[in-house]
Amino acid sequence: MDVKYVRTTCPYCGTGCSFNLVVKDGKVCGVQPYHRSPVNEGKVCPKGTYAWEFVNREDRLTTPLIKKDGEFVEATWDEAYDLIAQKLKSYKPDEIACLSSARTSNEDNYALMKFARGALKTRHIDHCARLCHASTVAGLAASFGSGAMTNSILDIAESRCVFIIGSNTFEQHPLIGRKIAQAKMNGAKIIYADPRLTATGKQADLYMQFRSGSDVAILNCIMGEIIRNGWEDKEWVQNRAKGYEELKAVVLKDDYLPENVEKISGIPAEQLKTAAEWIGTAESSALLYSMGITQHTVGVDNVKSTANLQMLTGNIGKRGGGVNALRGQNNVQGACDMGALPVVFTAYQKVIDPAVHKKFADGWGFPDGICESKNGYEVTVMMDVLTDNPGELKAMYIMGENPMLSDPDITHVEHALKSLDFMVVQDIFMTETAALADVVLPATCYAEKDGTQTSTERRVQMWHKAQEAPGQAKLDWQIIAELAAKMGYADQFPWQTSEEVFNEMRSLTPSYGGMTYERLEKPEALHWPCPTEEHPGTPILHIGKCSHPDGMGVMHPIEWKPPAEVPDEEYPLVLTTGRCIWHWHTGSMTRRSEHLDAEVPTGWIELNPEDAKALGIVDGEMVKATSRRGTINVPAKVTKDIMKGVTFMPFHFAECAANVLTNNVLDPIAKIPEFKACAVKVEKIQEA
Ligand code: SF4
């Protein structure tokens, strides 16, 4: 029997754990520890343990499919390419939109970004960062000049105080949770703020349960207490920050006194004062957040508020400090870095900057030019345009995304996608979205390719090919390059290897400029920015100065605003959504993993015992949940871990899809939807 071990990086969360794939007779059949990665030191969570199980599933896509008379029919690659090329050439550039993928490699994302802007010449490219951390990119860029996690994962263990708000770290980023546990063992105080008492909250020294949507009020309150007690870092504020006086004027308002914020948030005033004291007096304090902060109509405000707190306490550019935005999917950081966003090329180089536009146009060498130097549509806006302005967008090319389960208000998304004239989906399984496509293209998964992904801490790490792709499945970038060649752009997509794609990308991308595959092979890999081949990479950002041109951090005075949809008589409960430790995103991989699926085979809605009692609902009962967007039937989980008046649903499960209920109302800057707060009612299902 031929057995080998191939080191690679986990395809699930943004932590970026490394492990060895066990390959027997050419097939991936297990995961074994790789001890040399400093991120996870050989440990993995349940998802990592079973990250091999979906790879050789019988229902992998193995051949191109073309829909004829409503049914998919197997096709050759040439037939599929010819049809796609002919259709895409028939539209004007801005009638086409592309969705890239946070699950695929940097090389794949770069290829689709180049294809969209260079071959199709459309401005409209985005991906699911819009749904999770678009507000981080915008908020942290406004505060520090760089929209990414400021410190490293290892650094969290060094902190003396860890403040986690809106992140169930122990379940969603378990190996980052391990660093929190190490910080606690080293004597750090752990503060946890969330509407649910999650596994993370159960490890905290102080748990603050709050009403979803009151984040800015809580953060302003903590900052007000810090200033009133003189715990702010006066030197940092004076020498490194702009906007302190304006911030101070807001956070010291009576509205944000602990007694008043108790009424807004539900957090007892004494707890708010304790949190302020622990954060304000700690030698170092790390702030960790995830989508509890970002997925709001005030997502950018929330993010800026976290940055305000960390600047106020001098915890930026410092070991054990930082604003640690925990990115969700394995390569959501990389997909953003690769310019799969409607406003930037790679490394956040602005599309509307004429010099940048010229740099990419010249660098790529398309004889007929590239897209206009104008911003495109965000994915959430694309869906609205499709329903509200029929005919403006006609075609969509989707690589590795599943908006039919991941996006808010799925009924609206379905209406939008069904109004397209032509849709291509490139994926590894027949997802809910692929089922609506005109052409489906079979792609390779992480175990079948070389490439790079960038974890939440800006660490760029390698994937290594462990087995051959099933059937006729191809590399994502290879599919794009071959399609581009069919459209007359073979010279612009000449790549033969992933490394050639990476090298072209880095030549246009300053923060990746010094990275090579050889350098990334080291167990610790490299953190961006890494501008030259001599540069050691940058685990901690903003040491000495921030990334704005003047080097200063910017404090933003922010007033609290309630969520767009609040409970009323008809819909008296708040719904917040999230994930669980056993499943990932829309479940297309984890629900095909035997062990993970056995642990949690379907979804649920959490209800506080008092709310359940008032509704006559018992634990495990199938109930009806309704919002202004739709209704689903879902099993009830009655638990005191959820706050009275609040409900929670994971969004992984198509049969009880939480996003039937969620609200497609957007943050005005980041265009991220408010997944974390909408109004619902929950009822017993009446017997017929
Ligand atoms: Fe994979 Fe994240 Fe688990 Fe690490 S913590 S094994 S990256 S899912």
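Thresholds, definitions, all that
- Residues numbered from 1 in each chain as written.
- Predicted model: local features only at pLDDT ≥ 70, side-chain atom pairs only at ≥ 80, totals over all residues.
- Heavy atoms only, no water.
- UniProt positions renumbered as here; feature names shortened; annotations may be inferred.
- Helix = DSSP H or I, 4+ residues; strand = E, 2+ residues; numbered from the N terminus.
- Rg over C-alpha atoms; globule rule 2.2 N^0.38 Å.
- Contact = heavy atoms within 4.5 Å.
- Near = heavy atom within 4 Å.
- Nonpolar A, V, L, I, M, F, W, Y, C, P; charged D, E, K, R; others polar.
- Pairing = 2+ DSSP bridges.
- Axes fitted to C-alpha atoms, helices over the stretch in contact; angles between N-to-C directions.
- Patch = residues over 30% accessible without salt bridge, like charges linked within 9 Å, V, L, I, M, F, W, Y side chains within 5 Å.
- Areas by Shrake-Rupley, 256 points an atom, 1.4 Å probe, with all protein chains shown as cover.
- Salt bridge = Lys/Arg side-chain N within 4 Å of Asp/Glu carboxyl O.
- Phe/Tyr/Trp six-rings, centres within 6.5 Å; stacked < 30°, edge-to-face > 60°.
- Buried < 20%, exposed > 50% of the residue type's maximum accessible area, 1.4 Å probe, protein only.

The chain has the name Formate dehydrogenase subunit alpha in an unreviewed UniProt entry, where Methanofollis aquaemaris is given as its organism. You can read under Sequence similarities (unreviewed entry) in the UniProt record for the chain the words "Belongs to the prokaryotic molybdopterin-containing oxidoreductase family."

Turning our eyes to something else, we now look at the overall build of the chain. When helices and strands are tallied, the chain shows 25 helices and 28 strands. In terms of overall dimensions, the chain is globule-like: its C-alpha atoms have a radius of gyration of 24 Å, near the 26 Å expected for 688 residues. Dimensions of the chain, computed from C-alpha atoms along their principal axes, come out at roughly 70 × 70 × 55 Å. Within the chain, contacts between residues at least 6 apart in sequence are counted, and of these 74% link residues at least 24 apart.

Turning next to the site of the ligand. If you check the shell around the ligand, you find Cys10, Tyr12, Cys13, Thr15, Gly16, Cys17, Val44, Cys45, Lys47, Gly48, Pro174 and Leu175 and nothing else. Grouping the amino acids of the shell around the ligand by side-chain chemistry returns eight nonpolar, three polar and one charged.

Let's shift gears to the sheet that holds strand S16 (residues 439-442). Strand pairs in the sheet, formed through backbone hydrogen bonds, run parallel or antiparallel to each other. Overall, mixed pairing links the seven strands, which are arranged S5-S4-S16-S15-S14-S6-S7 in an open sheet. With one partner strand each, in any of the chains shown, strand S5 (71-74) and strand S7 (125-126) form the two edges of the open sheet. Relative to strand S15 (residues 422-427), strand S14 (residues 395-399) is paired through five bridges, and the arrangement is parallel. Paired with Tyr397 across the strands is Val424, a residue of S15. Contacting strand S6 (96-99), S7 and S14, helix H3 (residues 106-120) runs over the sheet at an angle of about 170° to S6. Strand contacts of helix H21 (residues 476-486): S14, S15 and S16, with the helix running at about 150° to S14, the strand carrying the most contacts.

Taken together, Met1, Val3 and Tyr5 make up a surface patch of nonpolar side chains, about 380 Å² in accessible area. Tracing the chain through its elements places Met1 in the segment before strand S1 (3-9).

Under the present numbering, the feature "domain: 4Fe-4S Mo/W bis-MGD-type" (unreviewed entry) in UniProt falls on residues 3-59. A distance of 25 Å separates the end C-alpha atoms of residues 3-59, which is 7% helix and 37% strand.

Let's shift gears to the packing of aromatic side chains. Throughout the structure, instances matching the rule amount to 20 aromatic pairs. Both rings, one in Trp364 and one in Phe366, keep their centres 6.2 Å apart while their planes meet at 85°; by these two values the pair is edge-to-face. You can call Trp364 buried: its relative accessible area is 5%. Residue Phe366 is classed as buried on the basis of its relative accessible area, which comes to 6%. Centroid distance Phe493 to Trp495: 5.3 Å. Interplanar angle 75°. Geometry classified as edge-to-face. For Phe493, a relative accessible area of 5% corresponds to the buried category.

The next subject is the sheet that holds strand S18 (residues 459-463). Strand order across the open sheet formed by three strands is S17-S18-S19, with antiparallel pairing between neighbours. In the strand order of this sheet, the two ends are held by strand S17 (451-454) and strand S19 (526-527), each with one partner. Along the sheet face, H3 touches S17 and S18 and points at about 90° away from the line of S17.

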